Amino acid sequence: MSWNPQYRSSKFRHVFGKPASKENCYDSVPITHSVQDNHFCAVNPHFIAVVTECTGGGAFLVIPLHQVRKPARPRPKHRKSLSLDPTHGFTSEPCCIKIWDIPKQLLTKNLTAFRKELVGHARKVGLVEWHPTAANILFSSGYDYKVMVWNLDSKESVIMSPVKTISCHQDVILSMSFNTNGSLLATACKDRKIRVLDPRAGTILQEANYKGHRANKVLFLGNLKKLLSTGTSRWNNRQMALWDQDDLSVPVTEVDLDGSSGVLFPFYDADTNMLYVVGKGDRNIHYYEISANKPHLNYLTEYHSYNPQKGIGVMPKRGLDVSSCEIFRFYKLITTKSLIEPVSMIVPRRSESYQEDIYPPTASAQPSLTAQEWLSGMNKEPVLMSLRPGAEPLSPQPLPSERTLSVPTAPTSPHLFNQTERLVAEDGRRPFSLLEEKAPRWSAEYRQEEKKTWLSDGFDIFECPPPKTENELLQMFYRQQDEIRRLRELVTQREVQAKQLELEIRNLRMSSPRL
């Protein structure tokens, strides 16, 4: 009787981590020494934001992505934690949150005037999260055990009350996560319970009372209808647990990792179904592939490093380098060296052309709903885009429900979608998240028929302005290379067709009777 082992094929089986060279790292950054369990870093395709250490309280530093080596040192500001959103920036003093405008043309002086101030929490703010599909909707949680929903689509510079306050938690909220369309909110609380909430009604839909797993962080796994939490087991081992979002009575599966004490931060890539697990103070990054069938967590491998990470940031998919088959990018905060080190996760491929199979359509920076539409009960999937250079955003897929929005509309407050970046920061030296500008969908996607013959993947060859930066020059180069490859393939196909026609004509002449 022979033994036939079952091998699981995967295109991501050989993914490896590639750290950036010293010339492409961000040196001399005074990274915070705070002991809070947060990322302390946020990234988008334009900026890197990091919580820093300086005399006089916590400060944050915003660095342009291309400005490597030694950025300018920040001056002392108020205590804050940060999060960059598409349009503005924001910080918070105790019990309040402030919105700042960060221009893309960089700063010429220190920012002293904020755009908006949100006042409502009775104690200091701990977390902020932007809604994934609705414009100008912000969620915040504080040490008053409350989650507040803010609508920034207003003219007031100081907003004194949120549109909704969720008061179902009994202790400090440690983590918040949205599902794909933002219709559900999952939270992990210090009382070790996981809750799935309706963010508009503020009601609890599911609650986990499982005693064998004490959750610290929780994460929605895309459209798999599953949750993943990281925490500790009964024996204080670091542990991951996979849950069915419709039944939180017991986890679907549990995986023990090790006996270290650092908090585990999970990051999920819904496009590749890959899960990355980063431990605070660890030197490695574990990654898995998630499947709907058992076993649900398929271990791939891990990335090893010599330096422990204090915090970590993640680049959105739209900021990756598709020419090198990069599918994920981390920014490690190394306190011992005052260094921010980019680490790219790469799929080894020999071809230099665009790899369609590892880059499916991904969520773009454009909102699919306005704030009022979401508050009125509408749900809509994110606006998708192709990562092929020059491609345009795709139409969002509506949900098959009575609350689905059928016609896209422009935001009601266009002044909130200017050429800036939004930086969100909470009080208390915490981390932050960085998002890109959510621009409205204009009629540019409906191009005239006579121009379609001159477009290459949504890129107008003849009307394109000359590149102004090195990044634009590289994108132009990659587009030209793809166009040259396509033209060569087209010429080859035409040559083959011509030879086939010549052979058919020759065969017809030889088979026809002589006159």
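Parameters and conventions
Residues numbered from 1 in each chain as written. Predicted model: local features only at pLDDT ≥ 70, side-chain atom pairs only at ≥ 80, totals over all residues. Heavy atoms only, no water. UniProt positions renumbered as here; feature names shortened; annotations may be inferred. Salt bridge = Lys/Arg side-chain N within 4 Å of Asp/Glu carboxyl O. Helix = DSSP H or I, 4+ residues; strand = E, 2+ residues; numbered from the N terminus. Buried < 20%, exposed > 50% of the residue type's maximum accessible area, 1.4 Å probe, protein only. Pairing = 2+ DSSP bridges. Axes fitted to C-alpha atoms, helices over the stretch in contact; angles between N-to-C directions. Polar contact = N/O pair within 3.5 Å; in protein donor to acceptor, adjacent residues only side chain to side chain. pLDDT = per-residue confidence, 0-100. Contact = heavy atoms within 4.5 Å. Core = buried A, V, L, I, M, F, W, Y, C linked by side-chain atoms within 4.5 Å. Phe/Tyr/Trp six-rings, centres within 6.5 Å; stacked < 30°, edge-to-face > 60°.

Identification of the protein as Coronin from Capra hircus is taken from an unreviewed UniProt entry. Looking at the protein in UniProt, the text filed under Sequence similarities (unreviewed entry) is "Belongs to the WD repeat coronin family."

Once that is clear, we can look at the pattern of salt bridges. This structure, assessed with the given rule, holds 14 salt bridges. Salt-bridge contacts for Glu356 lead to Arg388; the nearest nitrogen and oxygen are separated by 3.1 Å. Here the residue Glu356 occupies a position in the loop between strand E28 (339–346) and strand E29 (362–363), and Arg388 occupies one in the loop between strand E30 (384–385) and strand E31 (420–425), the gap between them amounting to 32 residues. A relative accessible area of 44% places Glu356 in the partly exposed class.

What follows is about the sheet that holds strand E20 (residues 238–244). The four strands are arranged E18-E19-E20-E21 in an open sheet whose pairing can be described as antiparallel. Of all strands in the sheet, those with a lone pairing partner are strand E18 (213–220) and strand E21 (253–256), marking the two edges. When the angles between neighbouring strand axes are averaged without regard to direction, this sheet yields 25°. Relative to strand E19 (residues 226–233), E18 is paired through seven bridges, and the arrangement is antiparallel. Counted as the bridge partner of His213 is Ser233 from E19.

This next bit is on the sheet that holds strand E22 (residues 264–269). Strands sit in the order E22-E23-E24-E25 across an open sheet of four strands; the sheet is antiparallel. Bordering the open sheet on either side are E22 and strand E25 (297–304), each of which pairs with just one other strand. The sheet shows a mean angle of 25° between the axes of neighbouring strands, taken without regard to direction. The pairing of E22 with strand E23 (residues 274–279) spans six bridges and is classified as antiparallel. Within E23, the residue paired with Pro266 across the bridge is Val277.

A separate point is unusual backbone geometry. Cis geometry marks the peptide bond from Lys294 to Pro295; its omega dihedral reads -10°. Note that Pro295 resides in the loop between strand E24 (284–290) and E25. For Phe40, which is not glycine, the phi dihedral falls at a positive 65°. Along the chain, Phe40 falls in the loop between strand E1 (16–19) and strand E2 (41–43). Despite not being glycine, Cys325 shows a phi value in the positive range, around 60°. Considering the arrangement of structural elements, one finds Cys325 in the loop between strand E26 (311–314) and strand E27 (326–334). On the accessibility criterion, Cys325 (3% relative accessible area) is buried.

Bringing the side chain of Asn181 into the picture now. Assignment of secondary structure puts Asn181 in the loop between strand E14 (173–178) and strand E15 (185–189). For Asn181, a relative accessible area of 4% translates into the label buried. Looking at Asn181, its side chain comes within polar contact range of the side chain of Asn179, at 3.1 Å.

Another aspect to go through is the confidence of the model for the protein. Considering every residue of the protein, the mean pLDDT works out to 79; 76% of them sit at 70 or more. Per-element confidence in the protein ranges from a low mean pLDDT of 40 for strand E32 (residues 455–456) to a high of 96 for E22. Within the model, pLDDT remains below 50 along residues 1–5, and this stretch shows zero contacts once partners closer than five positions in the same chain are excluded. Between residues 75–81, whose pLDDT stays under 50, and residues either more than four places distant or in other chains, the model counts 45 contacts.

What follows covers the nonpolar core. Within the largest apolar cluster, 26 residues are counted, with the highest numbers of intra-cluster contacts made by Tyr276, Ile327, Phe330 and Met345. If you list the elements that add at least two residues to this core, you get E22, E23, E24, E25, E27 and E28. In this structure Phe330 touches Phe267, Tyr276, Val278, Ile285, Ile312, Gly313, Val314, Glu341, Pro342, Val343 and Met345, once residues within four positions along its chain are discounted. Within the second largest apolar cluster, 17 residues are counted, among which are Cys41, Ile63, Met315 and Tyr331.

Of note, Thr187 is situated in strand E15. Residue class for Thr187 comes out buried when judged on its relative accessible area of 0%. For the pair Thr187 and Asn216, spaced 29 residues apart in the sequence, the C-alpha separation amounts to 9.5 Å. When near neighbours in sequence (up to four residues on either side) are disregarded, Thr187 contacts His169, Ile173, Ser175, Met176, Lys193, Ile194, Arg195, Leu197 and Val218. Within the structure, the side chain of Thr187 is placed 2.9 Å from the side chain of His169, a separation counted as a polar contact.

The tally for this structure, following the rule as stated, stands at eleven aromatic pairs. Relative to Tyr299, the ring of Tyr288 lies with its centre 5.4 Å away and its plane at 65°, an arrangement referred to as edge-to-face. Here Tyr299 lies in strand E25 and Tyr288 lies in strand E24, a separation of eleven residues in the sequence. Relative accessible area serves as the criterion here: at 4%, Tyr288 is assigned to the buried category. On the basis of an interplanar angle of 20° and a centroid distance of 5.7 Å, the ring pair of Tyr354 and Tyr359 is categorised as stacked.

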